[in-house]
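If you want the building blocks of each chain, they are given just below.
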Amino acid sequence: NVSKSISITGNGSGISIIEANGPGSAMKIVADWVNVTGLTLRGANDTNGWNAGINLYYVSYCIIDGNAATGNRVGIYLEGSPDNTIINNIASENILRGIYLNSSDGNFVDRNTANSNYVGICVENSGVNIIKDSILIDNMYGISIYDYGSNITTGNTIDGNRISSSGSNTGIKLDSVEDNFITN
């Protein structure tokens, strides 16, 4: 666990690798004002729980920039974490979600790539988030927003997402939401 304000900088996402060993996330952040840059976080794929490459757990003012989260249950997971910046990351080949905001308001999610996940970016019980200029390809769902409103998605590229059980391509899925602004 990262339990104090700190900047963690790797030598590049293909060079500096954090591999999860056993259950739990590869990196769990439990302190405000943490910056993580230039890492690959992988292997958090234990089937018990929401294991993630990076898990922001009830924190604010963190910057997650230029990382790769691959082969996890969830790539980047914000749980009860408002006011963070998730920028220039790659979340690929994660079992459930590439980037997941759960009960996390006011986050800025910009210029990320989420590919080959079940859901590229999932926003659940969260509002007033900005999701922009991201690339969401070859997921089951590109963007999925559940049970809240007032999120903004703009300038995203959503392409090649698989066929859903309803028989139609699902680039953006909205369920029990209101007051969302979408231009992609």
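Check the entry above for the structure.
Sequence order as written defines the numbering, with residues in each chain counted from 1. Where totals are concerned, whole chains, interfaces and linings use all residues; where local detail is concerned, this predicted model gives features only for residues with pLDDT of at least 70, and gives and counts side-chain atom pairs only at 80 or more. Water and hydrogen atoms play no part in the side-chain values, which are based on all heavy atoms of the structure.

**Q** Quick question: what am I supposed to make of a nonpolar patch on the surface here?
**A** Two distance rules govern patches: like charges are joined within 9 Å, and nonpolar side chains (Val, Leu, Ile, Met, Phe, Trp, Tyr) within 5 Å, applied only to residues with over 30% relative accessible area and no salt bridge. In this description, accessible areas are obtained by the Shrake-Rupley approach with a 1.4 Å probe, and a residue is regarded as covered only by the protein chains that are shown. We count a salt bridge whenever a side-chain nitrogen from Lys or Arg sits within 4 Å of a carboxyl oxygen from Asp or Glu. On the surface, a nonpolar cluster with roughly 280 Å² of combined accessible area is contributed by V30, Y57 and Y58. Secondary structure counts use DSSP, requiring at least four H or I residues in a row for a helix and at least two E residues in a row for a strand, with both numbered from the N terminus. Tracing the chain through its elements places V30 in the loop between β3 (27-29) and β4 (35-37). Given the relative accessible area of 33%, V30 is considered partly exposed. A 1.4 Å probe rolled over the protein chains alone gives each residue an accessible area, and that area as a share of the maximum for its type sets the label: buried under 20%, exposed over 50%, partly exposed in between.

**Q** Would you explain the pattern of salt bridges in this entry?
**A** A side chain of one charge can pair with a side chain of the opposite charge when the charged atoms of the two come close. All told, the structure shown has three salt bridges when counted by the stated rule. Between R42 and E19 there is a salt bridge, and its shortest N-O distance comes to 2.5 Å. On the criterion of sequence distance, the pair formed by R42 in strand β5 (residues 40-42) and E19 in strand β2 (residues 17-19) is long-range, its members being 23 residues apart. Accessibility expressed as a relative area gives 39% for E19, which makes it partly exposed. With its nearest N and O atoms 3.1 Å apart, the salt bridge here joins D133 to K132.

**Q** Before we go on, may I ask you to explain the nonpolar core in this structure?
**A** Nine residue types can take part in a nonpolar core, namely buried Ala, Val, Leu, Ile, Met, Phe, Trp, Tyr and Cys, and a core is a set of them joined through side-chain atoms within 4.5 Å. The biggest cluster of nonpolar side chains holds 31 residues, and the ones touching the most others in it are I29, V36, L56, I64 and I99. Elements that contribute at least two residues to this core include exactly β3, β6 (52-57), β9 (74-79), β12 (97-102), β15 (119-124) and β18 (141-146). By definition, residues are in contact when any of their heavy atoms lie within 4.5 Å. Ignoring sequence-local partners within four residues, the contact set of I99 consists of I76, I86, A91, V109, N112, G120, I121 and C122. Membership of the second largest hydrophobic core comes to 10 residues, among which are L96, Y100, V119 and M140.

**Q** Help me understand the side chain of D110 in this model?
**A** Relative to the elements of secondary structure, D110 occurs in strand β13 (residues 108-110). Judged by its relative accessible area of 4%, D110 falls in the buried class. Setting aside residues up to four positions removed in sequence, D110 forms contacts with I86, I87, N88, K132, D133 and S134.

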